[in-house]
Amino acid sequence: MQKFKGIFTALLTPFHEDYSINWSSLERLIAFNLEQGIHGFYVCGSTGEGLMMSPEERKQIFRFVAKTVGGRATLIGHVGTIHTLDAIDMAKAAEQAGFDAVSAVAPFYYGFPFDAVKGYYNDIANSVDIPTVIYNFPASGGVTFTPERAEEVLQNPKIVAIKHTSPDLFLLERFKHLSRDIVVYNGFDEMLVAGLAMGADGGIGSTYNFMPGKILNIYNRFRAGDLAGAQAAQEEVNEIIATLIRYGVFASEKEILTQMGISMGPVRRPFLPISEDGKAAMSKIVEILK
Ligand code: MN9
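Residues numbered from 1 in each chain as written. Predicted model: local features only at pLDDT ≥ 70, side-chain atom pairs only at ≥ 80, totals over all residues. Heavy atoms only, no water.

Let us look at the environment of Asp86. Locating Asp86 in the fold gives a position in helix α3 (residues 84-97). With relative accessibility at 24%, the residue Asp86 sits in the partly exposed group. Separated by 38 residues in the primary sequence, Asp86 and Ile124 place their C-alpha atoms 9.8 Å from one another. (Helix = DSSP H or I, 4+ residues; strand = E, 2+ residues; numbered from the N terminus. Buried < 20%, exposed > 50% of the residue type's maximum accessible area, 1.4 Å probe, protein only.)

As structure tokens, then:
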């Protein structure tokens, strides 16, 4: 389980202006994150615009990322969708590509009863030999995992972790005290130090893409017992994240990386492109990051 602990970049997907995948930028983004010492990548999740990509594109990305990383970091492939057969197909492709685990957001839109959600996780987990990570993201329109619901899903021993993207850190803490020990990831970057303090084993986040060093600094200080230092590092990062939230998180992150020299292109529609004001605000962040 050790390889699943730590700081995982929720990898952005760079596009060309026509929205096709920009493979050379993806390679450079991965290299930049590896150089900075990131422990793993969470691929084709919310940040990676996985829900706006076809299963075929997501499978291509899994293969490309696995080949590029070449065992230098732990890989989790997000296969969540509301079509279980597509999720299974993508899970098999991730396993075949050499991923360490798969993950899925709960099925959304129809308001599925929890037994259906449980069936979905079992279908995915049982389709592969690698472990499965629950993606608890209540705001996605899916379900909120409670400790009771988590216990039910965790009856399947192949499910070994939860990515907790919710401001409810009491819940995060409760996930560390279930009948079985699982890895818990903090999902909101702006609360990383708090998530760690409540027991998270690491974090998965979108802002890690362009400031992996600053995020690792929070984690390393916390692990070293320097809580004041970790808090100060979090405050520094949150000044940046507040601006990102104002202008659209993923479009802002892509703009920052583009200005840093890795061309990331647009976000896919229906996401809105970044405004001119937003671009100017991102220039200021790029200056700070230098
Ligand atoms: O993967 C991301 N979650 C979502 C994690 O975007 C739903 C976070 O990194 C946020 O983008 C970030 C800003 O709120 O914390």
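Picking up where we left off.
Glancing now at the packing of aromatic side chains. The full count for this structure, using the stated rule, is 11 aromatic pairs. Judged by centre distance (5.1 Å) and plane angle (85 degrees), the rings of Tyr120 and Tyr121 are edge-to-face. Taken together, the ring pairs connect Phe114, Tyr120, Tyr121 and Phe145 into an aromatic cluster. (Phe/Tyr/Trp six-rings, centres within 6.5 Å; stacked < 30°, edge-to-face > 60°.)

Overall, parallel pairing links the 8 strands, which are arranged β1-β2-β3-β4-β5-β6-β7-β8 in a closed barrel. With direction set aside, neighbouring strand axes in the sheet form an average angle of 25 degrees. (Pairing = 2+ DSSP bridges. Axes fitted to C-alpha atoms, helices over the stretch in contact; angles between N-to-C directions.)

A few words on the pattern of salt bridges. Taken as a whole and assessed by the stated rule, the structure comprises 14 salt bridges. Lys59 is the salt-bridge partner of Glu56, the closest N and O atoms lying 3.7 Å from each other. Here Lys59 and Glu56 lie together in helix α2 (residues 55-69), a separation of 3 residues that amounts to about one turn. Its salt-bridge partner being Glu173, residue Arg174 comes within 2.8 Å of it at the nearest N-O pair. (Salt bridge = Lys/Arg side-chain N within 4 Å of Asp/Glu carboxyl O.)

With that out of the way, let us pick up the nonpolar core. With 85 residues, the main nonpolar core has Phe41, Val43, Val65, Val79, Phe99, Tyr121 and Phe145 as its most contacted residues. Those residues in contact with Val43 that sit more than four places away from it in its chain are Leu11, Ile61, Phe62, Val65, Ile76, Gly77, His78 and Phe99. Counting residues in hydrophobic clusters, the runner-up holds 15 residues, among them Ile76, Val105, Phe137 and Ile204. (Core = buried A, V, L, I, M, F, W, Y, C linked by side-chain atoms within 4.5 Å. Contact = heavy atoms within 4.5 Å.)

The local shell around the ligand holds 13 residues, among which Lys163, Asp189, Glu190, Ser206 and Phe250 are the closest. In the environment of the ligand, an oxygen atom lies 2.6 Å from a nitrogen or oxygen atom belonging to the side chain of Glu190. In this structure, Ser206 approaches the ligand through a main-chain N or O atom, which is 2.8 Å from an oxygen atom. Starting from 380 Å² of accessible surface for the ligand in isolation, the protein chains cover 91%. According to the grid-proximity analysis, the pocket containing the ligand is the largest pocket. Of all the secondary structure elements, the ones that give two or more residues to the shell around the ligand are β8 (202-205) and α10 (249-260). Broken down by class, the residue content of the shell around the ligand amounts to 6 nonpolar, 4 polar and 3 charged. (Near = heavy atom within 4 Å. Polar contact = N/O pair within 3.5 Å; in protein donor to acceptor, adjacent residues only side chain to side chain. Areas by Shrake-Rupley, 256 points an atom, 1.4 Å probe, with all protein chains shown as cover. 1 Å grid on protein atoms, 1.4 Å probe; cavity = no way out; pocket = protein on both sides within 12 Å on 5 of 7 lines; lining within 4 Å. Sits in = over half its atoms within 2 Å of the grid points. Nonpolar A, V, L, I, M, F, W, Y, C, P; charged D, E, K, R; others polar.)

Examined against the element boundaries, Thr13 turns out to sit in the loop between β1 (6-11) and α1 (23-35). Apart from the residues lying within four places of it in its own chain, the contact partners of Thr13 are Ile21, Gly48, Glu49, Met53, Ile61, Lys254 and Met264. In terms of polar contacts, Thr13 uses its side chain to reach the backbone carbonyl oxygen of Gly48, at 2.7 Å.

Bringing a nonpolar patch on the surface into the picture now. A surface patch of nonpolar side chains, amounting to about 390 Å² of accessible area, comprises Ile82, Tyr109 and Tyr110. Within the secondary structure, Ile82 sits in the loop between β3 (74-78) and α3. (Patch = residues over 30% accessible without salt bridge, like charges linked within 9 Å, V, L, I, M, F, W, Y side chains within 5 Å.)

Let us look at the packing of α2 against α3. At a closest axis distance of 9 Å, the pairing of α2 and α3 adopts a crossing angle of 15 degrees. When the axes of α2 and α3 are compared, the pair comes out roughly parallel. In this structure, α2 crosses over α3, and the sense of that crossing is right-handed. Residues Pro55, Arg58, Lys59, Phe62, Arg63 and Ala66 of α2 pack against Asp86, Asp89, Met90, Ala93, Ala94 and Ala97 of α3. (Parallel < 35°, antiparallel > 145°, perpendicular 65-115°, else oblique. Left-handed = near helix turned anticlockwise from the far one by under 90°.)

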